Amino acid sequence: MVDFDLSEDQLTIRDTAARFARDVVRPAEIALDRMADPDQAFRSDVFRDAMRQAYELGFHKMGIKEEHGGLGLDPVTRGLVWEELAAGGVGIAAGLLAASVAPAFLSVLAPHKTDLIDAYVRPFCEDVEARHISAWGSSEPGIGSDGSNYFDPEVHHETAAAKAADGYVLQGAKSSFVSNGGIADLYLVFACVDRTKGICGSGVFLVPYGRGVTRGKALDKVGLRALNQAEVAFEDARVPEDYMIMPPGDHYPMIHNAIKTVGNIGVGYLALGLLRAAYEEALSYAKERVQFGRPIAQHQAVAFRLFEAFQAIEAARGLLWKASWTLGATGLGDLKIAAAARVFATNMAMKHSVEMVQILGGYGVSKEYALEKHMRDAKLLQIMDATNEIMTIKGAALL
Ligand SMILES: Cc1cc2nc3c(=O)[nH]c(=O)nc-3n(C[C@H](O)[C@H](O)[C@H](O)COP(=O)(O)OP(=O)(O)OC[C@H]3O[C@@H](n4cnc5c(N)ncnc54)[C@H](O)[C@@H]3O)c2cc1C
């Protein structure tokens, strides 16, 4: 049976997200985008207030199981929310998505570690002030796409975790791309335990801020300026033994690809929300703006552009719902559907956000409208959580 109907609960949560996106996320996102100093942006009340209100509404804990304090929402319902939040502001939405990565990972991979669940997952879920924000770090200056290079024993994370009597000691640094890197209080760190096994020699560690962790300055970048990204360094960062929540080994590609499945679906929804926002703004402008005696929406070249964007939105949403539904139905999801959805949605967001700028003519490149911002933001979505080329390689390998 195929059914595109949404339940009453889904409609309610989607409408709540849409209102929050319009009233809180959108103005905050625009203000943050315009702040010249990114570090100042993430210290500002604008950022803190938007995050605090998102936590109050529970958007940070949607995917965490109810038994651990989360909302336990299914992947399709979460997707509805991410589309709305991203339509309001894709940078803030991306930061919220990343904020839960460590507690969510812990909740799924190590539910038996009840002390860690009590220490890190429950307080995160109870948080209504956005005091607990997490981040994950795999990328390093020398490890970008190589994070998916499972086959070359010479390629490994330089960030290392050495066994000590009372646990592990981490040394090294993650790249300046780590989402929430400069503001998190809990890090999920991919660190090499066994150099002879290449990337598969890495384990995944929980490292709280305050244990030999240094947070870098916020990256100054062309888009997603409302998403904090910063280097994170570890100097004698000591953690107890059970803070290794995934050991190194041959299971690494399977777990890493499962993380990519969830992550790529998230990135796809960010792109969908961005694309829809760009389309809606261009459509409403094109119906108002009169040239050659009629609204420009009635000129065929403009109408075709709008219809192509509409097609892309519907197609991207269809793929993403299928990817989300598959994730909910199977638990692990299907990486090739997730990759197809993400690569398609992000490529469409990039292509059509440029086209939507064109519809506004000169006004499209002015900061009076958000179109130029959508175009800048879209570029980063084709790179984040593995580039579209790498996700295409992964998807193709599964055919
Ligand atoms: C918005 C954003 C958020 C991010 N958040 C995080 C985060 O939270 N944590 C984290 O650890 N990292 C994060 N990253 C880093 C991200 O995962 C990397 O940027 C990405 O994996 C690419 O790595 P790289 O930038 O080093 O590019 P490289 O790997 O150097 O690639 C450069 C180019 O070469 C291409 N390329 C590389 N290998 C191949 C190949 N085999 N075949 C074809 N083409 C290839 C790539 O597609 C790309 O076009 C984020 C990045 C962005 C932009």
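Focus: the layout of surface pockets
A probe as big as a water molecule, rolled over the atoms, marks out the empty space that is left. The space that makes up the second largest pocket amounts to roughly 370 Å³. Around the second largest pocket, the lining residues are Met1, Val2, Asp3, Phe4, Asp5, Leu6, Gln10, Val76, Gly318, Trp321, Lys322 and Trp325. Here the element with the most residues in the lining of the second largest pocket is helix H9 (residues 300–330); it accounts for four residues. Partitioning the lining of the second largest pocket into residue classes produces seven nonpolar, two polar and three charged.

Some remarks on the environment of His156
Position of His156 among the secondary structure elements: in the loop between strand S1 (134–137) and strand S2 (160–164). Along the sequence, His156 and Lys287 sit 131 residues apart, while their C-alpha atoms lie 54 Å from each other. Contacts of His156, omitting those with residues within four sequence positions, involve Ile143, Cys192, Arg195, Gly198 and Ile199. At 3.4 Å, the side chain of His156 and the side chain of Arg195 are in polar contact.

Points about the packing of aromatic side chains
Scanning the entire structure with this criterion turns up 15 aromatic pairs. On the numbers, 5.1 Å between centres and 90° between planes, the contact of Phe42 with Phe47 is edge-to-face. Taking relative accessible area as the criterion, Phe42 reaches 5% and is therefore assigned buried. Here Phe190 and Tyr252 contribute two aromatic rings whose centre-to-centre distance is 6.3 Å and whose plane-to-plane angle is 80°, an arrangement assigned as edge-to-face. With Phe190 in strand S4 (residues 186–192) and Tyr252 in helix H8 (residues 252–288), this pair connects stretches of sequence that are 62 residues apart. Looking at Phe190, the relative accessible area reads 3%, which means it is buried. Grouping aromatic residues by their ring pairs yields a cluster made of Trp136, Tyr150, Phe151, Phe190 and Tyr252. Lys163 extends its terminal NZ or CZ atom over the ring of Tyr168, reaching a point 5.1 Å from the ring centre.

Concerning the pairing of strand S3 (residues 167–174)
Relative to S3, S2 runs antiparallel, the two sharing five bridges. Looking across to S3, one finds that Ala164 is bridged to Gly167. Where S2 hands over to S3, the hairpin turn is made up of two residues, counted between the paired strands. Examined bridge by bridge, S3 and strand S7 (residues 230–239) share six bridges and lie antiparallel to one another. If you follow Val169 over to S7, its bridge partner there is Arg238.

Notes on H9
Taking 1.5 Å as the rise per residue, H9 with 31 residues should run 45 Å; its terminal C-alpha atoms sit 45 Å apart, in good agreement. Gly331, located one to two residues past H9, shows a positive phi value of around 90°.

Focus on the domain arrangement of the protein chain
Considered domain by domain, the protein chain is made up of domain 1 (8–126), domain 2 (134–246) and domain 3 (252–397). A separation of 21 Å is found between the C-alpha centroids of domain 1 and domain 3. In this complex, domain 1 contributes 21 residues to the contact, which on the side of domain 3 involves 25 residues. Interface area for domain 1 against domain 3, summed over the two sides, is near 1,800 Å², with a carbon-plus-sulfur share of 67%. In this structure, Arg376 engages Asp33 in a salt bridge whose closest nitrogen and oxygen atoms are separated by 2.8 Å. Of all the secondary structure elements, the ones that give two or more residues to the side of domain 1 that touches domain 3 are helix H1 (8–34), helix H4 (75–88), helix H5 (90–99) and helix H6 (101–109).

Some words on H4
For H4, with 14 residues, the first-to-last C-alpha span of 20 Å sits near the 20 Å given by 1.5 Å per residue. Across the 14 residues of H4, 14 count as buried, placing the element largely inside the fold. Two to three positions downstream of the cap, the backbone nitrogen of Val76 sits 3.0 Å from a side-chain oxygen, assigning the N-cap of H4 to Asp74.

Conventions we followed
- Residues numbered from 1 in each chain as written.
- Predicted model: local features only at pLDDT ≥ 70, side-chain atom pairs only at ≥ 80, totals over all residues.
- Heavy atoms only, no water.
- 1 Å grid on protein atoms, 1.4 Å probe; cavity = no way out; pocket = protein on both sides within 12 Å on 5 of 7 lines; lining within 4 Å.
- Points joined across faces, edges and corners; volume = space filled by probe spheres on them.
- Helix = DSSP H or I, 4+ residues; strand = E, 2+ residues; numbered from the N terminus.
- Nonpolar A, V, L, I, M, F, W, Y, C, P; charged D, E, K, R; others polar.
- Contact = heavy atoms within 4.5 Å.
- Polar contact = N/O pair within 3.5 Å; in protein donor to acceptor, adjacent residues only side chain to side chain.
- Phe/Tyr/Trp six-rings, centres within 6.5 Å; stacked < 30°, edge-to-face > 60°.
- Buried < 20%, exposed > 50% of the residue type's maximum accessible area, 1.4 Å probe, protein only.
- Lys NZ or Arg CZ within 6 Å of the ring centre and 35° of its normal.
- Pairing = 2+ DSSP bridges.
- Expected span 1.5 Å × (residues − 1).
- Domains from an automatic or database assignment.
- Buried area = accessible area lost by both parts, 1.4 Å probe.
- Salt bridge = Lys/Arg side-chain N within 4 Å of Asp/Glu carboxyl O.

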